[in-house]
Amino acid sequence: FVEGTFTWDTTGLTETNLCMLKVYCNQDPATFAESREPFMLIPPVHHFAFMPIPSPKYRGIPFPVAITAQDINNQITLALLGPVTLTAWGDSGPIPITPTGTLSFTLGAWTGSISVNDADTNVRITAADASGHTGTSDVINVNQVPLDHFDWSPISSPERSGSPFPVTLTAK
């Protein structure tokens, strides 16, 4: 103890080590206090990791994504304490994505759907928390949605041959 503060070196302990803290007073083995329950050391977040995302994806179409908070040894950690946000960048710069706002991690992981809302090449999605921890996905290409069919607007009838009339043709 130094001025009422106890510092403990946890080097070499991993999150799987159950610990009991026992503090002796005046080096007398008969006078001690110990923690009431075993506790587990949880290593701090070092970075975020994305599961592989197959490429290509299509603009505006949701796809599944899994992200984990990991410690320095690339193991999932439960120590995530704050909100995590997503951003995306491609060759053309920043790209809007959904969801916006913060992600809620459970047991060190988030699984959900993401939509990249512009087509671009070499897109990377980044997860970041307020403490500066980040992680970036593999590169994906985001294409325009392929053309499936055309829709015609209603055409009033009768129309005169050789006379123009309004019509809208929409690619879908």
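Just above sits the structure.
Here's what I pulled together on the structure shown here. Since this is a predicted model, take the numbers as computed values, not measurements. (Residues numbered from 1 in each chain as written. Predicted model: local features only at pLDDT ≥ 70, side-chain atom pairs only at ≥ 80, totals over all residues. Heavy atoms only, no water.)

**What about the pairing of strand E7 (residues 63–70)?**
Move 1: With six of its eight residues buried, E7 lies for the most part within the structure.
Move 2: Sheet topology places strand E5 (residues 47–50) next to E7; four bridges connect them, and they run antiparallel. Bridge assignment links Phe48 to a residue of E7, and that residue is Ala69.
Move 3: Bridge analysis of E7 against strand E12 (residues 109–116) gives six bridges, and the strand direction is antiparallel. Within the sheet, the bridge partner assigned to Ile67 lies in E12 and is Trp110. (Buried < 20%, exposed > 50% of the residue type's maximum accessible area, 1.4 Å probe, protein only. Helix = DSSP H or I, 4+ residues; strand = E, 2+ residues; numbered from the N terminus. Pairing = 2+ DSSP bridges.)

**Side note on a nonpolar patch on the surface**
Move 1: A contiguous nonpolar surface patch, about 710 Å² in accessible area, is contributed by Leu147, Phe150, Trp152, Ile155, Phe165, Val167 and Leu169.
Move 2: Relative to the assigned elements, Phe150 resides in strand E16 (residues 150–152).
Move 3: For Phe150, a relative accessible area of 48% puts it in the partly exposed group. (Patch = residues over 30% accessible without salt bridge, like charges linked within 9 Å, V, L, I, M, F, W, Y side chains within 5 Å. Areas by Shrake-Rupley, 256 points an atom, 1.4 Å probe, with all protein chains shown as cover. Salt bridge = Lys/Arg side-chain N within 4 Å of Asp/Glu carboxyl O.)

**Some points on the sheet that holds E12**
Move 1: Pairing is antiparallel in the open sheet, where four strands are placed in the order E5-E7-E12-E10. Sheet topology places E5 and strand E10 (97–98) at the edges, where each strand pairs with a single neighbour.
Move 2: Relative to E12, E10 is paired through two bridges, and the arrangement is antiparallel. Counted as the bridge partner of Thr98 is Ser115 from E12.

**Observations concerning the packing of aromatic side chains**
Move 1: For the coordinates displayed, the defined rule picks out one aromatic pair.
Move 2: With 5.7 Å between their ring centres and 55 degrees between their planes, Phe48 and Phe105 make a pair best called tilted. Of this pair, Phe48 sits in strand E5 while Phe105 sits in the loop between strand E11 (102–103) and E12, placing them 57 residues apart in sequence. The exposure classification of Phe48 matches that of Phe105, with both residues buried. (Phe/Tyr/Trp six-rings, centres within 6.5 Å; stacked < 30°, edge-to-face > 60°.)

**Quick word on the side chain of Asp129**
Move 1: With respect to the helices, strands and loops of the structure, Asp129 is situated in strand E13 (residues 120–129).
Move 2: As a buried residue without a salt bridge, Asp129 has its nearest oppositely charged side chain in Arg124, at a separation of 18 Å.
Move 3: A polar contact of 3.0 Å, which involves the side chain of Asp129, links it to the backbone nitrogen of Ser131.
Move 4: Engagement of the side chain of Asp129 in a polar contact is seen with the side chain of His133, the distance being 2.8 Å.
Move 5: What Asp129 contacts, discounting residues up to four positions off in sequence, is Phe48, Leu80, Pro83 and Val84. (Lys, Arg positive; Asp, Glu negative; His and termini not counted. Polar contact = N/O pair within 3.5 Å; in protein donor to acceptor, adjacent residues only side chain to side chain. Contact = heavy atoms within 4.5 Å.)

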